[in-house]
Amino acid sequence: MNSDQLKKNEPAKSTGKNSRRDFMRKLGLIGAAATTGAVASGFTSQRTPEEEYVKVMTSDNKLVEIPKSQVKEVKLDTEALQSRGRLGIAGKRWVMVIDLAKCRNARECIKGCQEHHHLHPYQYHINTLVMQDNPQSAPYNMPKPCMHCDNPPCVSVCPVDATFKRQDGIVLIDNERCIGCRFCMAACPYSVRVFNWEEPFQAQLYEAQPMEYDVEANIPQKKGTITKCLFSADCLRGGDLPTCVRSCPNEVFYFGDENENAVTNGTTRETVVLSELLEKNAGYRLMEELGTKPRVYYLPPKDRVFEAPEKPDHHS
Ligand code: SF4
Ligand code: SF4
């Protein structure tokens, strides 16, 4: 993916200030292609003023500068994509924060995600639910992706090691291994897994233009297997925020690296301190009592868009 394509895929404008994108650019993550990799071979350390130099990330995550002429684009095959997809991005612990006070059910996160992962309109990797805690309280909107649990029950029940947890915290599915038993669907307490009952949405497009299966994008979807939210692992690989995070117009999503204690808002592109955001706003996780250790945090729905139900009049 080149920089022009990245710009096209970026719904929200960067303010330039504290930009996560700028930060990731410094790390050299920008410019990696979704299904290709760049390799450099036999370059010399002698720098010449005539040569154009580019920054690339080595396989052990080191940033190096090499002459542009010595960079070679290589097409990754399914095996290579699966092997890097299993490992994840070294040194990262991805985390998401969802601000329920901001959600207006714009559903742009859902649309962006369905488009990115070639889902049928009835399939959701992320969905917005209307919640009501008790009959006296006002309802609120709650976007619900996969929680990418650190103790994921979906992973331990898979009989063929098709679903797995990576070093960067993301839980993925290898659709080339999945046998469609749906044990993982039954085991997930958050009901976020989706079964592919049909051929993929617009399957004819793959016939016209065959596509290598990428475990980090989970496309092409495969009939008879499971799919779910991937934290847009392919976008992270390319140095960008997940699709839902970038698509939201209402500042609902923050995303970042727990190791750096920093998350970036997908709408404003402002980067904030994760621990402060959670502490100041009483962040919490869904069904923590289950011990699943979700990597998705919620900030409480302070400003509800729905009217509170009428209270019974105790004086009459
Ligand atoms: S939310 Fe469900 S599918 Fe996602 S990691 Fe947790 S148990 Fe697995
Ligand atoms: S449906 Fe696929 S991913 Fe889920 S438990 Fe069965 S084989 Fe594993």
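Presented here is a report on the structure given in the accompanying data block.

Thresholds, definitions, all that
- Residues numbered from 1 in each chain as written.
- Chains lettered and ligands numbered in written order.
- Predicted model: local features only at pLDDT ≥ 70, side-chain atom pairs only at ≥ 80, totals over all residues.
- Heavy atoms only, no water.
- Pairing = 2+ DSSP bridges.
- Helix = DSSP H or I, 4+ residues; strand = E, 2+ residues; numbered from the N terminus.
- Axes fitted to C-alpha atoms, helices over the stretch in contact; angles between N-to-C directions.
- Patch = residues over 30% accessible without salt bridge, like charges linked within 9 Å, V, L, I, M, F, W, Y side chains within 5 Å.
- Areas by Shrake-Rupley, 256 points an atom, 1.4 Å probe, with all protein chains shown as cover.
- Salt bridge = Lys/Arg side-chain N within 4 Å of Asp/Glu carboxyl O.
- Buried < 20%, exposed > 50% of the residue type's maximum accessible area, 1.4 Å probe, protein only.
- Near = heavy atom within 4 Å.
- Nonpolar A, V, L, I, M, F, W, Y, C, P; charged D, E, K, R; others polar.
- Lys, Arg positive; Asp, Glu negative; His and termini not counted.
- Charge placed at Lys NZ, Arg CZ, Asp CG, Glu CD.
- Phe/Tyr/Trp six-rings, centres within 6.5 Å; stacked < 30°, edge-to-face > 60°.
- Lys NZ or Arg CZ within 6 Å of the ring centre and 35° of its normal.

## Here we look at the sheet that holds strand E14 (residues 271–273)
Reading across the sheet, the 5 strands line up as E14-E13-E12-E5-E15 and stay open at both edges, with mixed pairing between neighbours. Where the open sheet ends on each side, the last strands, each with one partner, are E14 and strand E15 (296–299). Neighbour to neighbour, the strand axes of the sheet diverge by 30° on average, direction disregarded. When strand E13 (residues 262–265) meets E14, the two strands line up antiparallel, connected through 3 bridges. From the neighbouring strand, Val263 faces E14, where its bridge partner is Val272.

## Details of a nonpolar patch on the surface
Where nonpolar side chains cluster on the molecular surface, the patch consists of Val130, Val305 and Phe306 and spans about 240 Å² of accessible area. Among the structural elements, Val305 can be located in the segment after E15. For Val305, a relative accessible area of 42% corresponds to the partly exposed category.

## Quick notes on the pattern of salt bridges
Following the criterion strictly, the structure yields 16 salt bridges and no others. We note a salt bridge from Asp99 to Lys102, for which the minimum N-O separation is 3.5 Å. For Lys111, the salt bridge goes to Glu108, with nearest N and O atoms at 3.0 Å. Note that Lys111 and Glu108 are positioned in helix H4 (residues 108–116) at a spacing of 3 residues, about one turn of the helix.

## What to know about the site of ligand 2
The environment of ligand 2 is formed by 13 residues, the closest being Cys158, Cys178, Cys181, Arg182 and Cys184. The residue inventory of the shell around ligand 2, partitioned by class, reads 10 nonpolar, 2 polar and 1 charged.

## Here we look at the site of ligand 1
Neighbouring ligand 1 are 14 residues, the closest being Cys146, Cys149, Cys154, Cys188 and Arg193. Tallied by class, the residues present in the shell around ligand 1 amount to 11 nonpolar, 1 polar and 2 charged.

## Structural notes on a negative patch on the surface
Side chains of Asp77, Glu79, Glu176 and Glu212 sit close together on the surface and give a patch of like negative charge. Checked against the element boundaries, Glu79 lands in helix H3 (residues 78–87). Classification of Glu79 by relative accessible area gives exposed; the value is 64%.

## Things to note about H3
Of the residues making up H3, those classed as buried are Thr78, Leu81, Gln82, Arg84 and Gly85. Gly88, located one to two residues past H3, shows a positive phi value of around 85°.

## Regarding the packing of aromatic side chains
Inspection of the entire model under this criterion finds 4 aromatic pairs. Relative to Phe255, the ring of Phe231 has its centre 5.0 Å away and its plane inclined at 90°; by these criteria the two rings are edge-to-face. Taken together, the residues Phe231 in the loop between strand E11 (226–227) and helix H8 (233–237) and Phe255 in strand E12 (residues 253–257) connect sequence positions 24 residues apart. Exposure class is identical for Phe231 and Phe255. Each is buried. Taken together through their ring pairs, the aromatic side chains of Trp94, Phe231 and Phe255 make up a single cluster. When the ring centre of Phe164 is taken as reference, the NZ or CZ atom of Arg86 above it lies at 3.9 Å. Over the ring of Phe195 we find Arg182, and its NZ or CZ is 5.0 Å from the ring centre.

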